[in-house]
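# Chain and residue survey
Spelled out, the chains give:
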Amino acid sequence: MSATFLGIPPFPEAAHTAVEDSQLRHNLRKATHTIRDKRGQVVDELGDDWSALRSEGAAIKEHTLRHLDHYLEQVEDSVQRAGGTVHWASDAAEANEIVTRLVHETGQSDVVKVKSMATQEIELNQALERAGITAYETDLAELIVQLGDDLPSHILVPAIHLGRAQIREIFLQQMAEWGVPAPPGLTDDPRALAEAARVHLRERFLSTRTAISGANFVVADSGTLVVLESEGNGRMCLTLPETLISVVGIEKIVPTFDDLEVFMQLLPRSSTGERMNPYTSMWTGITPGDGPQEFHLVLLDNGRTDVLGDTVGRQALRCIRCSACLNACPVYERAGGHAYGSVYPGPIGAILTPQLQGMSSEVDKALPYASSLCGACYEVCPVAIDIPEVLVHLREQVAEGPGHTGEKAMMAGAEAALSSPATLDAAQRAASLARGAVPQHLPGLAGNWTDTRSVPEIPEESFRRWWKKRGGERS
Amino acid sequence: MTTARERVLGRVRAALQDVPADEPAERSLQRTYADSHGMGPTLEVLVDRLDDYKALVRRVRPEELAGQVAAALERRGAQRVVVPSGAPDGWFAETGVERVPDSREDPLPLEALDGVDGAVTGCAVAVAESGTIVLDGEPDQGRRATTLVPDYHLCVVRAEQVVDAVPEAVRMLEPTRPLTWISGPSATSDIELDRVEGVHGPRTLEVLVVAADG
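Because the structure is a prediction, the values reported are computed rather than measured.

Take the nonpolar core next. Of all hydrophobic cores here, the largest spans 156 residues; its most connected members are Phe171 of chain A together with Trp181 of chain B. Contact partners of phenylalanine 171 of chain A, with chain neighbours within four places excluded, come to Leu140, Leu143, Ile144, Leu147, Ala182, Leu186, Leu193, Ala196 and Ala197 of chain A.

Adjacent strands of a sheet pair through backbone hydrogen bonds, lying either parallel or antiparallel. Residue and element names in this part refer to chain A. Here we have six strands laid out as an open sheet, ordered β1-β10-β7-β4-β2-β3, and parallel in their pairing. Either end of the sheet is taken by a strand with one partner, and the two such strands are β1 (85-89) and β3 (134-137). Each strand axis lies, on average, 25° off the axis of its neighbour in the sheet, ignoring direction. Summarising the sheet, strand β4 (residues 210-213) and strand β7 (residues 243-249) pair through four bridges and their orientation is parallel. When the bridges of β7 are listed, isoleucine 212 appears paired with isoleucine 245.

To continue, consider the domain arrangement of chain A. Looking at the assigned domains, one finds that chain A contains domain 1 (56-304) and domain 2 (408-469). The straight-line distance from the C-alpha centre of domain 1 of chain A to that of domain 2 of chain A is 56 Å.

This paragraph deals with the sheet that holds strand β6 (residues 224-229) of chain A. The strand order β8(A)-β5(A)-β6(A)-β9(A)-β9(B)-β6(B)-β5(B)-β8(B) describes an open sheet built from eight strands, whose pairing is mixed. Edge positions in the sheet fall to β8 (253-254) of chain A together with β8 (162-163) of chain B, since each has one partner strand and no second. Bridge analysis of β6 of chain A against strand β9 (residues 279-284) of chain A gives six bridges, and the strand direction is antiparallel. If you follow leucine 225 of chain A over to β9 of chain A, its bridge partner there is tryptophan 283 of chain A.

Residues and elements named next belong to chain A. Contact pair helix α3 (residues 49-66) / helix α12 (residues 260-271): the axes reach a minimum separation of 10 Å and the direction vectors enclose 110°. Considering their axes alone, α3 and α12 lie roughly perpendicular with respect to each other. Crossing hand, α3 versus α12: left-handed. Here α3 contributes Trp50, Leu53, Arg54, Glu56, Gly57, Ile60 and Lys61 to the contact with α12, which in turn contributes Val262, Phe263, Gln265, Leu266, Arg269 and Ser270. Its residues placed into classes, the contact of α3 with α12 shows six nonpolar, three polar and four charged.

Quick look at the packing of aromatic side chains now. Residue and element names in this part refer to chain A. If you walk through the whole model with that rule in mind, you get nine aromatic pairs over all chains. With a centroid separation of 6.3 Å and an interplanar angle of 45°, the aromatic rings of tryptophan 466 and tryptophan 467 are classed as tilted. Take tryptophan 466: its relative accessible area is 36%, and that puts it in the partly exposed class. Residue tryptophan 467 is classed as partly exposed on the basis of its relative accessible area, which comes to 35%.

Rules of the game
- Residues numbered from 1 in each chain as written.
- Chains lettered and ligands numbered in written order.
- Predicted model: local features only at pLDDT ≥ 70, side-chain atom pairs only at ≥ 80, totals over all residues.
- Heavy atoms only, no water.
- Core = buried A, V, L, I, M, F, W, Y, C linked by side-chain atoms within 4.5 Å.
- Buried < 20%, exposed > 50% of the residue type's maximum accessible area, 1.4 Å probe, protein only.
- Contact = heavy atoms within 4.5 Å.
- Pairing = 2+ DSSP bridges.
- Helix = DSSP H or I, 4+ residues; strand = E, 2+ residues; numbered from the N terminus.
- Axes fitted to C-alpha atoms, helices over the stretch in contact; angles between N-to-C directions.
- Domains from an automatic or database assignment.
- Parallel < 35°, antiparallel > 145°, perpendicular 65-115°, else oblique.
- Left-handed = near helix turned anticlockwise from the far one by under 90°.
- Nonpolar A, V, L, I, M, F, W, Y, C, P; charged D, E, K, R; others polar.
- Phe/Tyr/Trp six-rings, centres within 6.5 Å; stacked < 30°, edge-to-face > 60°.

Here it is as structure tokens:
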């Protein structure tokens, strides 16, 4: 597997290409609308209680983040007491090194994987491959992406950009190279495709001795890890192998087991639009005679503490990766996930990626602008992340950085003009006098604006002058 | 040399300068939300939800249970089923199907588990509103692998184990046990977000809900 987000152009350029792909737009529209409707039904079913659950979910996460050092130490203690081993990784390289070493220690060269955003973020599969270890993705959509040497384009449904016919082609052409081939008469019926995946992975599950997962939640007081899934591939990986390695971002902690009563309602309804996902596994360290007898938890920072340090941006760390914001977003629906150039696409990606990576590249700097600020993402967020607020906050940071001389000059001009009534009056008079000379298409930077809009007509006199002429009467 | 642990904790503390030192680190749930949502009679709601997930579900009276277990296994065409060591013998009083025992102490090898026609277990708690059955590894529910590898899972749920909603269930569970929440047969929505039942976990989930009034 060699696919990487590296080299994808900044959002405006990547989105421009994406919106011209009619198959992609068809796939995305169908999928996002289907799931949006399903979510709406199961959320409405809870009536007013949804907003109470949402507030509590947001409060739990916010509180945990404000005391993250306390909870990290508590997690370490609880997991170790339950028979697990805890490792700390300050960045992707450290995490990859730890996991590679742990896999080497098992003596295995194959691992099965449960879908995990954290391991995608650190590009663990590529690191393992360099160390001679093959990581087999087992979630159906991740399998499709891996077989197709493609990139994920959605947090929950990484192959959302592909239609059934494209998936059939990938299975027919690639399955044999990775293991059990696709049946020769394979159709594009989703049932047949799911069955092909079952057969392809069955032996792999029964024979592989090491598994790698992420986690949706880590419970501090009990040391319990939680994975929500649908297909049973998660249960296979979490139950059958001898060794389990879980790589988890430090923001995934919740303080108490009871907190799950909130998140087990919020997450499935927001995510797949179901009252409950088919399977959830909760495990605490080691259980003698049941499941893996060796368990490692890798706690991953990789930029999260930078996000934590920004009091506005911090709320992005509440995210429980449900992907409701992607499905609700008019920009995501048209541009698709790849255009965001990161494993975290959509509105949450637009605030998370630049913060995690420190706005160092053109891709990162473009992301806070990949939004119309319509606010649909905030409406559906189960932990009430005010994504538009963070987007605007990040735009400020981009604007304060180097470059943007044109905008800065215009803003400085506006600031001067607006700084006193006299200068504003002078500027408005000058504009009125020049009204006949303003072209319909502005030159330079402003031309980007007039490409798609008409220049507003400048009135003969300003409102302030007209008001003054009327005697400036007060009501 | 600082360890990664010290580095991460140090960065976390540096990032949280704005948090007042006397702000308590412990927090209890405010619970402004409802314990349940009044969606109807508990058992009816459970049956409705399981049916929605395409699980096979039947309500039975206690005296019918053995007969219904036998009938379910016969409909399935099962010859050999894995049964956790703590499952009551009474469930199997009317079936001639071969029972293969399994327990933490004496686990079946994986290949043997892969060779049986199904698993029959009890449960720890069931949630009506979400159509969820939770297994906690007690002797009547067995190791996690027993309800995962076989393609058919028959689960006996007693009426008194059913609660209305998720919060009540969470409060009844013991976190240190391995917990599996099951809401219907395995499924995927990964292809065009169309739900398809039956991937890696059991493709058929059958539930017998036992209540005195049937």
